[in-house]
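Understanding the architecture of this molecule
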Amino acid sequence: MAIHENLLGGPPPTHLPDDPEPRELLASGAAPAEVAAKYPASSLAWAQLADEAFESGRVVESYAYARTGYHRGLDALRRSGWKGHGPVPFEHEPNRGFLRALHALARAAQSIGEQEEYERCSTFLRESSPTAADTLS
């Protein structure tokens, strides 16, 4: 039996391909807006913009940035074989941008009173990665 065999019969975990350039730029202190402009498909850059906007009290901006990162992440997941459900492990670093954007979207939705969106995104995050739900909350 393979060590990573899924005994529950569900879909295998989705691992996004590594995209180190935006991650390295952000880690070196580059402005998230510059990174998002240079790498608009980077969920991580959009998630960081969402976090910064939220921390500054710009909740609607945070929501918009998070939604962009979320949709860019969904596109990447689908290109990686994801079929709309199944694990997206937080432990795989390239998945973290999408998961952070999803968390930021839930947080901003809750802040503007969009309860259904908050619940949908929170459930999606927990079902995709319990580790991300626990780590980011």
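Each remark here, short or long, concerns the structure printed above.
Here the structure is a predicted model, which means the values were calculated and not measured.

Looking now at the packing of aromatic side chains. Throughout the structure, instances matching the rule amount to five aromatic pairs. Ring geometry for Trp46 and Tyr65: centres 6.1 Å apart, planes at 35°, overall tilted. With Trp46 in helix α3 (residues 43-55) and Tyr65 in helix α4 (residues 59-79), this residue pair connects regions lying 19 residues apart in the sequence. When the centroid spacing of 5.9 Å and the interplanar angle of 65° are considered together, the rings of Phe98 and Phe124 count as edge-to-face. Taken together, the residues span a long stretch of sequence, with Phe98 in helix α5 (residues 96-111) and Phe124 in helix α6 (residues 115-128) at a distance of 26 residues. By the burial criterion, Phe98 is buried, and Phe124 matches it. Each residue in the set Tyr70, Trp82, Phe98 and Phe124 is aromatic and connected to the rest through ring pairs, giving one cluster. Its guanidinium or amino end placed over the ring of Phe90, Arg96 lies 4.5 Å from that ring's centre, counting from NZ or CZ. Lying across the ring of Phe54, Arg107 places its NZ or CZ 4.2 Å from the centre.

Rules and cut-offs
Residues numbered from 1 in each chain as written. Predicted model: local features only at pLDDT ≥ 70, side-chain atom pairs only at ≥ 80, totals over all residues. Heavy atoms only, no water. Phe/Tyr/Trp six-rings, centres within 6.5 Å; stacked < 30°, edge-to-face > 60°. Helix = DSSP H or I, 4+ residues; strand = E, 2+ residues; numbered from the N terminus. Buried < 20%, exposed > 50% of the residue type's maximum accessible area, 1.4 Å probe, protein only. Lys NZ or Arg CZ within 6 Å of the ring centre and 35° of its normal.

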